[in-house]
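# A look at the structure
The lines below spell out each chain.
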Amino acid sequence: MAQDKGSELPGKPVRESYVEMVQIVRPGDANALGIAFGGTVVAWMDMAAAVAALRHARRPVVTASIDNLSFLSPIQVGEFVIIKAAVHYTHRTSMEVGVWIESENPLTGERKETTHGYLTFVALDEQGRPAPVPPVIPETPEEKARYEEAKRRRAYKLQMREERP
Ligand SMILES: CC(C)(COP(=O)(O)OP(=O)(O)OC[C@H]1O[C@@H](n2cnc3c(N)ncnc32)[C@H](O)[C@@H]1OP(=O)(O)O)[C@@H](O)C(=O)NCCC(=O)NCCS
């Protein structure tokens, strides 16, 4: 599999950036139906993804884009929210982080997939300019598939940007 190497930094496996965060949906996080606000869920995703990007780059990072965000099922007040994130694709200064969220019923332990999305972060140097990141090394078949998927997503986005009037 061809690596999209943009820097001469040594590579890092996906597992080095892996993050798992747990939140509880409180009444203030929820709407009148008693389910978590989308914006609150996105803020949790951004936080977990930023930790993954920082672990990978070990530099300050900023969110450049949030793509393919899907809310698959609602999360109820009082449920646990399990947020998993990892860098699964890198280019020169940017990293795509995949985030997957499940809800967990605290009494039964039942889990449901609720949300997923892809966030791109850019690492910054001391002057606040984009800085090279270590290439990510996908190891498992799943990580390799995600890497190739992210590469295609990036190519598609660049093409869309070029075609924009
Ligand atoms: C993200 C940001 C640093 C990019 O700066 P820039 O001057 O456009 O940088 P460049 O054109 O040199 O691109 C740098 C990298 O960012 C990527 N990038 C820029 N805009 C992007 C976007 N909208 N989506 C995905 N990647 C993007 C480029 O593809 C490039 O990646 P590569 O080096 O891996 O090939 C700049 O736009 C910025 O600071 N945005 C605001 C970030 C912010 O405030 N976030 C919310 C709070 S954290």
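Residues numbered from 1 in each chain as written. Predicted model: local features only at pLDDT ≥ 70, side-chain atom pairs only at ≥ 80, totals over all residues.

So, about the overall build of the chain. From N to C terminus, the chain includes two helices and seven strands. Relative to the globule expectation of 15 Å for 165 residues, the C-alpha radius of gyration of the chain, 17 Å, shows essentially globular dimensions. Viewed in the frame of its principal axes, the chain has a C-alpha envelope of about 50 × 40 × 30 Å. Considering the chain as a whole, with its 165 residues, one finds that 33% of them fall into the buried category. Summarising the internal contacts of the chain: among those between residues at least 6 apart in sequence, 76% fall at separations of at least 24. (Helix = DSSP H or I, 4+ residues; strand = E, 2+ residues; numbered from the N terminus. Rg over C-alpha atoms; globule rule 2.2 N^0.38 Å. Buried ≥ 20, exposed ≤ 12 C-beta atoms within 10 Å, placed from the backbone. Contact = placed C-beta atoms within 7 Å.)

With that settled, the discussion passes to the site of the ligand. Neighbouring residues of the ligand: 12 residues in total, closest Ser65, His91, Arg92, Thr93 and Ser94. Listed by contribution, the elements that provide at least two residues to the shell around the ligand are strand S3 (61–71) and strand S6 (111–123). Per-element tally for the shell around the ligand: the top contributor is S3, with four residues. Partitioning the shell around the ligand into residue classes produces four nonpolar, seven polar and one charged. (Near = placed C-beta within 6 Å. Nonpolar A, V, L, I, M, F, W, Y, C, P; charged D, E, K, R; others polar.)

What follows deals with helix H2 (residues 141–163). With 23 residues, H2 should reach 33 Å at 1.5 Å per residue; the first-to-last C-alpha distance of 33 Å fits that figure. Among the 23 residues that make up H2, two are buried, leaving the element largely open to the surroundings. (Expected span 1.5 Å × (residues − 1).)

Turning our attention to helix H1 (residues 38–57). Structural remark: α-helix, 3.6 residues per turn; residues separated by three or four positions point the same way. If you check H1, its first and last C-alpha atoms are 28 Å apart, about what 20 residues at 1.5 Å a residue would give, namely 28 Å. For H1, the full list of buried residues reads Val41, Trp44, Met45, Ala48, Ala49, Ala52, Ala53, His56 and Ala57. Trailing H1 by a residue or two, Arg58 shows a phi angle of about 50°, which is positive.

Next up on the list: the environment of Asn105. By secondary structure assignment, the location of Asn105 is in the loop between strand S5 (94–104) and S6. Taking the C-beta count within 10 Å as the criterion, Asn105 has 13 such neighbours and is therefore assigned partly exposed. For Asn105 and Val77, which are 28 residues apart along the polypeptide, the C-alpha to C-alpha distance reads 10.0 Å.

The five strands lie next to each other as S2-S4-S5-S6-S3, forming an open sheet whose pairing is antiparallel. Looking at the sheet topology across the chains shown, the edges are occupied by strand S2 (19–24) and S3. When strand polarity is set aside, the average angle formed by the axes of neighbouring strands in this sheet is 25°. Pairing analysis gives six bridges linking S2 to strand S4 (residues 80–90), with the strands arranged antiparallel. Paired with Val19 across the two strands is Ala85, which belongs to S4. Sheet strands in contact with H2 are S3, S4, S5 and S6, and its direction is about 70° off that of S4. (Pairing = 2+ DSSP bridges. Axes fitted to C-alpha atoms, helices over the stretch in contact; angles between N-to-C directions.)

For the rest of this paragraph, the subject is unusual backbone geometry. The phi torsion at Arg58 lies on the positive side, around 50°, for a residue other than glycine. Here Arg58 shows up in the loop between H1 and S3. Its 13 C-beta neighbours within 10 Å are what place Arg58 among the partly exposed residues. Backbone geometry at Asn68 places phi at a positive 50°, although glycine is not the residue there.

Of all hydrophobic cores here, the largest spans 34 residues; its most connected members are Ala49 and Val97. If you list the elements that add at least two residues to this core, you get H1, S4, S5, S6 and H2. Excluding its chain neighbours within four sequence positions, the residues that come into contact with Val97 are Ala49, Ala52, Ala53, Ala85, Ala86, Val87, Leu119 and Phe121. (Core = buried A, V, L, I, M, F, W, Y, C linked by C-beta atoms within 7 Å.)

In short, the description is geometric, and any link to function would need to be established separately.
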